[in-house]
Amino acid sequence: MALAWKFGDNIDTDQIIPSQYLVLPTIKDMAKFTMEPQNPDFSNTYKEGDVIVGEVNFGCGSSREQAPLVLKELGVRVIIAIDFARIFFRNCINNGILPIEHPCAKEISDQDMVSVDLAKGEIVNQTQNKTWQFNKIEGYLEEILNAGGLAAYIASKKGK
Amino acid sequence: MSLFHLIHLIQCNHGSETNQQILNNEELIFRAILSQIIIHPLKNFFLSEKTMANTTNGMTATEYIIAQHAKRDRVKPGEIVNVSVDLCMSNDATTLLTEKIIKEQMKTQKLWDPDRVIIIVDHQVPADSVDTSIVQQQMALFVDEQGIKNFHTTDGVCHQVMLEKYVYPGALILGADSHTCSYGSIGSVSSGIGSTDLAAIWASGETWLKVPETIRFILNGTLQPDVSAKDVALHIINLVRANGLTYKTMELAGPGVTSLTVPQRFTICNMAVEAGAKSTMVIPDQSVIEFFETLGRPFINVSLIENLQKTQHSPCHSEIQIHLNELTPQIACPHYVDNVRPLSEVQGLKMDQAFLGSCTNGRIEDLREGAHLLKGKRIASNMKLLVTPASLRVYKQALDENLIPIFLDAGAIVNHPGCSTCWGAHQGILAPGQRMVTTGNRNFKGRAGSPDSEIYLASPSVVVASAIKGELTHPKEVR
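Residues numbered from 1 in each chain as written. Chains lettered and ligands numbered in written order. Predicted model: local features only at pLDDT ≥ 70, side-chain atom pairs only at ≥ 80, totals over all residues.

Student: Looking at this structure, how should I read the overall build of chain A?
Tutor: Of regular secondary structure, chain A possesses seven helices and seven strands. What you see in chain A, going N to C, is helices and strands ordered as β-α-α-α-β-α-β-α-β-β-β-β-α-α. Computed over the C-alpha atoms, the radius of gyration of chain A is 15 Å, within 12% of the 15 Å expected from 2.2 N^0.38 for a compact globule of 160 residues. C-alpha atoms of chain A, sized along the principal axes, occupy 40 × 40 × 25 Å. Per-residue burial for chain A yields a buried fraction of 49% across its 160 residues. At a minimum sequence separation of 6, the contacts of chain A that also span at least 24 residues come to 64%. (Helix = DSSP H or I, 4+ residues; strand = E, 2+ residues; numbered from the N terminus. Rg over C-alpha atoms; globule rule 2.2 N^0.38 Å. Buried ≥ 20, exposed ≤ 12 C-beta atoms within 10 Å, placed from the backbone. Contact = placed C-beta atoms within 7 Å.)

Set out below in structure tokens:
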């Protein structure tokens, strides 16, 4: 089980990583400021494997790929939202993060104990004693996610 | 290929301000023959002319252009197709990450075609810290290493530079900046992407795209005085909400479009990403042809324009009617672009700073609109007004038209072209509790400094009127 970190509607990529930190030399340096405008303490209290939950239009705004990268750096593997903005959705998959579009995002509360089973396509909320099913990721997208992202997937194909 | 085409090729490729020499006919012909292989940025434009289908097969303009680049007779919304990319762009916020991905992760050291790659430093010009300076230094090294000629370090905001120097109707253009969707305004298919997708394009010249559904906005009537293209953009975003156009293309159509200038169309298309749009489309008309003539790089592919015009009534996902004459000045209130209210509801709210600029509203028409209101007046004593022309070309034109002294005499700060205050990490940073009214495109929490500051999006004339009075103000009150 992991903790759910709940955010609201229209979480834009400036919230995920504010502009002024994009010039820092590494993603690791930037990751310290993840979600700073929403929760200045986020990067210190988030634990690897915890689940990010948003509501409508998660990841809107700037195309900056540093946004999924700082989340990945902290250990984010899954984000659940009612829906995602287009560029962020593609950037997540390209970096091996699974964006799950599911209406249960509305019901999940901050700090709920949740788990996501990718093989079964199941989200379990232990705190609320609820289970939801989502469409499993299969084929090409599954291969990209398993490789850890598009670039790693391309490199692995090249190597064969 | 006719001589006229060849001459046009050279003008397009070499007609930049850095190389404004007048060539005689013989030299033009000679250089054209020699440089057919070198002149890549427009290669597809001519290829597409040759391969162009005579029928648009019931496709929308966006589908038609995507089909051309997928080498298909027809594509349908929702289909995933592989496309060749004519031009790709990145800036100082996204280039180095893309370089890292292509080299370290994709193990690719050379770009597929450096002549189709455009790199623009615009987000922090001039550099404001050691870190920023290192970023720009590394970009210059990369550009040099790859032999990229299309590198701009002081020419302005990437989208304005793209408009002035590179984009053309019928092109497929992708950029690592979300506002890349702007170039639908001149009839190209363009969209913002992340760095991994751009790295894959740098490596191969291709990418996959899902063909977007077209939402056609039928514009009727004309805008009233003091109502601008920005108000149309905010009205549309309010109507469909911040995710209403996700994965869709926004096509502006109807009789009202002809009353809008190309820069006005650009403003509306630029903001479409704030409703989630993948791309935008305005079918090119006489204004677009004249616009390119004014830029000094005429667009002469008449058959392409004719074909695009044939698509104007083709079936689309849905149509939305917009009555331009009913619109009033709008304000997007903190912290969401779809939190739009009529100016009348928030008029009088005290402001600390005003910003006139950005890829949304930093063109000469916007500066004229602002200067016209400001002439002979001063901004309120408690206010700051920052003016940042969108490009060097705009800046020089504003100097020629004596607009800059009007801003300076009024007490404004005039900055060198770039993203400036709109990007929020550079120039005009807000303190906690401060409020800014801006012609920029985003009012996200903390976008221009402290998370406890507030940003209000408005048209150029509302921004300048508000700077004069120190509070949100209707332009008619200062006229």
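Student: What am I meant to see in the overall build of chain B here?
Tutor: Across its full length, chain B carries 18 helices and 18 strands. Considering only contacts within chain B whose residues lie at least 6 apart along the sequence, 77% involve residues at least 24 apart.

Student: I'm lost on helix H6 (residues 130-146) of chain B in this one. Help?
Tutor: The α-helix winds at 3.6 residues per turn, so residues separated by three or four positions along the chain end up facing the same way. Residue and element names in this part refer to chain B. The end-to-end C-alpha distance of H6 is 24 Å, a good match for the 24 Å that 17 residues give at a rise of 1.5 Å each. If you check which residues of H6 are buried, you get Thr 132, Val 135, Gln 136 and Met 139. Looking straight down H6, one finds its buried side chains confined to an arc of 90 degrees; they lie on one side. Seen from the buried face of H6, the exposed residues on the opposite side, beyond 90 degrees, are Val 130, Gln 137, Leu 141 and Asp 144. Summarising the contacts, the buried residues of H6 are in contact with helix H5 (95-105) and strand S3 (117-120). Downstream of H6 by a residue or two, Gly 147 has a phi angle that is positive, lying close to 70 degrees. (Expected span 1.5 Å × (residues − 1). Arc of directions from axis to C-beta.)

Student: Help me understand the sheet that holds strand S3 (residues 78-81) of chain A in this model?
Tutor: Strands in a sheet are paired, the pairing made by backbone hydrogen bonds, and the direction either parallel or antiparallel. All names here are of chain A. The strand order across the open sheet formed by seven strands is S4-S3-S2-S1-S5-S6-S7, and the pairing between neighbours is mixed. The open sheet terminates on both sides in strands that have one partner only, identified here as strand S4 (98-101) and strand S7 (130-133). Geometrically, the sheet is characterised by an average inter-axis angle of 30 degrees between neighbouring strands, direction not taken into account. Two elements, strand S5 (residues 113-117) and strand S6 (residues 122-125), share four bridges in a ladder whose sense is antiparallel. Looking at S6, one finds that Asp 117 is bridged to Glu 122. (Pairing = 2+ DSSP bridges. Axes fitted to C-alpha atoms, helices over the stretch in contact; angles between N-to-C directions.)

Student: Is there a simple way to explain the confidence of the model for chain B in this structure?
Tutor: In low-pLDDT regions, the fine details of the predicted coordinates are not to be read closely. Residue and element names in this part refer to chain B. Of the residues in chain B, 89% have a pLDDT of 70 or more, and the chain-wide mean is 90. In the model, residues 1-53 has pLDDT below 50 throughout and makes 51 contacts with residues more than four positions away in sequence or in other chains. Interface predicted TM-score (ipTM) for the complex: 0.92; the corresponding pTM is 0.90. (pLDDT = per-residue confidence, 0-100.)

Student: Explain the packing of H5(B) against H6(B) here, please?
Tutor: Angle between the axes and distance between the axes: these two values describe a pair of packed helices. Residue and element names in this part refer to chain B. At their nearest, the axes of H5 and H6 sit 10 Å apart, and the two run at 50 degrees to each other. When the interaxial angle is binned, H5 and H6 end up oblique. Classified by chirality, the crossing of H6 by H5 is left-handed. Contacts between H5 and H6 pair Thr 95, Leu 96 and Glu 99 from the former with Val 135, Gln 138, Met 139 and Phe 142 from the latter. Here the residues of the contact of H5 with H6 sort into four nonpolar, two polar and one charged. (Parallel < 35°, antiparallel > 145°, perpendicular 65-115°, else oblique. Left-handed = near helix turned anticlockwise from the far one by under 90°. Nonpolar A, V, L, I, M, F, W, Y, C, P; charged D, E, K, R; others polar.)

Student: What is the right way to read the pairing of strand S10 (residues 279-282) of chain B from this model?
Tutor: Look at any regular strand and the pattern is simple: side chains alternate between the two faces of the sheet. All names here are of chain B. Residues Ser 279 and Met 281 of S10 are buried on one face, and the alternating residues Thr 280 and Val 282, pointing to the opposite face, are buried as well. When strand S9 (residues 248-253) meets S10, the two strands line up parallel, connected through four bridges. Directly across from Met 250, in S10, lies its bridge partner Thr 280. Taken together, S9, helix H10 (residues 262-271) and S10 form a β-α-β motif whose crossover is right-handed. (Right-handed = clockwise from strand over helix to strand, strands pointing away.)

Student: Whenever I open this one, the interface of chain A and chain B confuses me. Can you help?
Tutor: Interface size, as often reported, equals the accessible area lost upon joining of the parts. With 35 residues of chain A in contact, the opposing surface of chain B contributes 38 residues. Broken down by secondary-structure element, the contributors of at least two residues to the side of chain A that touches chain B are helix H1 (13-16), helix H5 (86-94) and helix H7 (150-159) of chain A. Considering each element in turn, the side of chain A that touches chain B owes the most residues, six residues, to H7(A). Considered class by class, the residues forming the side of chain A that touches chain B number 14 nonpolar, 13 polar and eight charged.

Student: I would appreciate a short explanation of the environment of Thr108(B) in the present structure.
Tutor: All names here are of chain B. Looking at where Thr 108 falls in the secondary structure, it is placed in the loop between H5 and S3. Remark: the alpha-carbon pair of Thr 108 and Ser 195, spanning 87 residues in sequence, is separated by 14 Å. Each residue touching Thr 108, except ones within four places of it in the same chain, is listed here: Ile 102, Lys 103 and Ala 203.

Student: Help me out: how do you make sense of the sheet that holds strand S2 (residues 87-91) of chain B in this one?
Tutor: All names here are of chain B. With parallel pairing, the five strands of this open sheet are ordered in space as S4-S3-S2-S5-S6. Two strands in the sheet have a free side with no partner beyond their single neighbour: strand S4 (151-152) and strand S6 (189-192). Taken together, the three bridges between S2 and strand S5 (residues 172-175) define a ladder with parallel strand orientation. By the bridge assignment, Cys 88 is partnered in S5 with Leu 174.

Student: Explanation requested: the pairing of S4(A) in the structure shown.
Tutor: Residues and elements named next belong to chain A. Here S3 runs beside S4; their pairing, made up of four bridges, is parallel. From the neighbouring strand, Ile 80 faces S4, where its bridge partner is Ile 100. Read from S3 through H5 to S4, the crossover connection turns out right-handed.

Student: Mind showing me how you'd approach the packing of H5(B) against helix H8 (residues 195-204) of chain B here?
Tutor: Residue and element names in this part refer to chain B. Between H5 and H8, the least distance of the axes is 8 Å, while the angle of their chain directions is 60 degrees. By the angle between their axes, H5 is oblique relative to H8. Between H5 and H8 the crossing geometry is right-handed. Contacts from Leu 97, Thr 98, Ile 101 and Ile 102 in H5 reach Ser 195, Thr 196, Leu 198, Ala 199, Trp 202 and Ala 203 in H8.

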